[in-house]
Amino acid sequence: MAELVGPRLYSCCNCRNHVSLHDDIISKAFQGRNGRAFLFSHAMNVVVGQKEDRHLLTGLHTVADIYCGDCHEVLGWKYERAYEASQKYKEGKFILEKSKIVQENW
């Protein structure tokens, strides 16, 4: 009989709170504050902080830090607005830093 396996997830590195699904990764080629980061279409069990304008590698964006909903670890940010037309695809998407998340159900 086949063993039932749940979806592949990413969890907070601090408390193991589930924060995103592997299937929601758009790109693994992003840069976070502390190294490599992934762009996700959705995040769960996170708290979105205050919006602020930041000059990132790809130009000016309005972003909001995202925190683990359980332990409040900063995990990355949410793109609220991109000012350059070529960057509009990021709006409403989430950056999770690789150093802040761990794989579950792999």
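Basis of the calculations
Residues numbered from 1 in each chain as written. Predicted model: local features only at pLDDT ≥ 70, side-chain atom pairs only at ≥ 80, totals over all residues. Heavy atoms only, no water. Pairing = 2+ DSSP bridges. Helix = DSSP H or I, 4+ residues; strand = E, 2+ residues; numbered from the N terminus. Axes fitted to C-alpha atoms, helices over the stretch in contact; angles between N-to-C directions. Buried < 20%, exposed > 50% of the residue type's maximum accessible area, 1.4 Å probe, protein only. Polar contact = N/O pair within 3.5 Å; in protein donor to acceptor, adjacent residues only side chain to side chain. Contact = heavy atoms within 4.5 Å. Salt bridge = Lys/Arg side-chain N within 4 Å of Asp/Glu carboxyl O.

## Remarks on the sheet that holds strand β6 (residues 59-68)
One open sheet accounts for 6 strands, arranged β3-β4-β8-β7-β6-β5; its pairing is antiparallel. Each having just a single partner strand, β3 (25-32) and β5 (46-56) make up the two edges of the open sheet. Each neighbouring strand pair of the sheet contributes to a mean axis angle of 30 degrees, computed without reference to strand direction. Judged from the 7 bridges that link them, β6 and strand β7 (residues 74-82) form a sheet pairing that is antiparallel. Its bridge partner lying in β7, Val63 is registered against Tyr79.

## Observations regarding the side chain of Asn17
Among the secondary structure elements, Asn17 is positioned in the loop between β1 (9-12) and β2 (18-21). Of the residues examined, Asn17 reaches a relative accessible area of 10% and is grouped as buried. At 3.1 Å, the side chain of Asn17 forms a polar contact with the backbone oxygen of Asn45. When near neighbours in sequence (up to four residues on either side) are disregarded, Asn17 contacts Tyr10, Ser11, Cys12, Asn45, Cys68, Gly69 and Asp70.

## A word on the pairing of β6
The two faces of a sheet get side chains in turn, since along a regular strand they alternate between them. When you tally the buried positions in β6, you get 8 out of 10 residues, the bulk of the element. Where β5 meets β6, 9 bridges bridge the pair, whose relative direction is antiparallel. Its bridge partner being in β6, His55 is matched across the sheet by Leu60. What sits between β6 and β7 in their antiparallel hairpin is a turn of 5 residues, with His72 showing a positive phi close to 70 degrees.

## Notes on the sheet that holds β2
Across the sheet, 3 strands lie side by side as β2-β1-β9; this open sheet has antiparallel pairing. The open sheet terminates on both sides in strands that have one partner only, identified here as β2 and β9 (101-104). Strand-to-strand, the axes of this sheet are offset by a mean angle of 35 degrees, without reference to chain direction. Sheet topology places β1 next to β9; 4 bridges connect them, and they run antiparallel. Across the sheet, Ser11 pairs through a bridge with Val102, a residue of β9.

## A look at the pattern of salt bridges
Two side chains of opposite charge can pair, provided their charged atoms sit close to one another. One pass over the structure, following the stated rule, counts 7 salt bridges. As a salt-bridge pair, Glu104 and Arg16 come within 3.6 Å of each other at their nearest N and O atoms. Note that Glu104 is positioned in strand β9 and Arg16 in the loop between β1 and β2, a separation of 88 residues in sequence. For Arg16, a relative accessible area of 45% puts it in the partly exposed group. Of the charged contacts, one joins Lys100 and Glu73 as a salt bridge, the two residues approaching to 2.7 Å between their closest N and O atoms. Of this pair, Lys100 sits in the loop between β8 (94-97) and β9 while Glu73 sits in the loop between β6 and β7, and the two are 27 residues apart along the sequence.

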